[in-house]
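Report on the structure
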Amino acid sequence: MNQILAMIVTILIYLFMVSYASLIAQEVATEKGSRIMEILVSSVSPKIQFFGKITGMFFLIILQVLVTAVCGVIGIKYISHSVQFLKELDLSQIQPRILLILGLYFVLGIALYTILAAGLGALVSRSDQVSQAVSPLTMIGLVAYGASFVAMNSNTLLVKIGSFIPFLSQSIMPVRYAVGNATFGDAVISLLILAVTTIIVTQFTAHLYASHVLDYSERKLWDRILHRS
């Protein structure tokens, strides 16, 4: 039951990461490309605007999670009597600790990707450049998602290392912990690394956003990142 729950959360993390990272990057790039950003920046500082966008996006994510959870509970309640697989599920087997671990990885994993995507959206000059800017982030998320399935049946050195690396750990460590290949202490250490990385990335991205939200030059993406000011 814990393994099933971990895989469901891992799938949701990937889906939410990809959809909301693309959504916030597209929103920022559209505002910038239409020059609406110039009006917004004249009223509110770029950093305040950045954190406002991130906060609004998280409220939207929370709303979607609640709606999904309610629909899932209702669905299980009404169809469990006719589906053999659902009849065999025993929710009492779910460990409280794994709910905490999965919840924290869900929040931090989506936060890390969404915040960085907002900064990448500020780097491009037009909305049609968003997919190119966000594609490296999407590829990393896809690698982490694929690695989570490997972690179900394997505990190799690469899987162990990946479960502690930010951008990968949000998908790998929950599965390792659920199948018993990682201890609660391992999960806590991985979570702390992910939390610290999220804070650092947030500060970096806020500065990146403020520096380039009105930058319409055609410099390459990496050149803009390395020359933030």
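Figured I'd write up the structure that's included with this text. As the structure is a prediction and not an experimental result, all values here were calculated from the model.

1. Description of unusual backbone geometry
One non-glycine residue, F167, lies in the positive phi region at around 80°. Tracing the backbone shows F167 in the loop between α7 (157–162) and α8 (169–179).

2. Regarding the side chain of Q49
Examined against the element boundaries, Q49 turns out to sit in helix α3 (residues 46–79). Residue class for Q49 comes out buried when judged on its relative accessible area of 9%. Once you skip the residues sitting within four places of it in the chain, Q49 turns out to touch E31, M37, L40, V41, V44 and Y209.

3. Details of the packing of helix α5 (residues 96–123) against α8
α8 packs onto α5 with a crossing angle of 170° between their chain directions and a minimal axis gap of 9 Å. Here α8 runs roughly antiparallel to α5, going by the angle between their axes. Facing α5, whose interface residues are R97, I98, I101, L102, Y105, G109 and Y113, α8 presents S169, Q170, M173, P174, Y177 and A178. Looking at the contact of α5 with α8 residue by residue, the classes come out as 9 nonpolar, 3 polar and 1 charged.

4. Details of the environment of F51
Here F51 is to be found in helix α3. The spacing of F51 and A118 is 67 residues in sequence and 9.9 Å in space, taken between C-alpha atoms. If near-sequence neighbours (up to four positions away) are discounted, F51 is found in contact with T202 and A206.

5. A look at the pattern of salt bridges
Applying the stated rule across the entire model yields 1 salt bridge. Between E27 and K53 there is a salt bridge; the shortest N-O distance is 3.5 Å. One end of the pair, E27, is in helix α1 (residues 2–33); the other, K53, is in helix α3, with 26 residues separating them in the sequence. Overall, E27 belongs to the partly exposed group, its relative accessible area being 33%.

6. Notes on the nonpolar core
One finds F50, I54, I61, L137 and Y209 to be the most contacted residues of the largest nonpolar core, which totals 56 residues. In terms of residue count, the dominant contributor to this core is α5 (17 residues). Here I61 is in contact with F16, Y20 and I110, once residues within four sequence places are set aside. The next biggest cluster of nonpolar side chains, apart from the first, holds 6 residues, and it includes M7, A151, V159 and I172.

Analysis parameters
Residues numbered from 1 in each chain as written. Predicted model: local features only at pLDDT ≥ 70, side-chain atom pairs only at ≥ 80, totals over all residues. Heavy atoms only, no water. Helix = DSSP H or I, 4+ residues; strand = E, 2+ residues; numbered from the N terminus. Buried < 20%, exposed > 50% of the residue type's maximum accessible area, 1.4 Å probe, protein only. Contact = heavy atoms within 4.5 Å. Axes fitted to C-alpha atoms, helices over the stretch in contact; angles between N-to-C directions. Parallel < 35°, antiparallel > 145°, perpendicular 65-115°, else oblique. Nonpolar A, V, L, I, M, F, W, Y, C, P; charged D, E, K, R; others polar. Salt bridge = Lys/Arg side-chain N within 4 Å of Asp/Glu carboxyl O. Core = buried A, V, L, I, M, F, W, Y, C linked by side-chain atoms within 4.5 Å.

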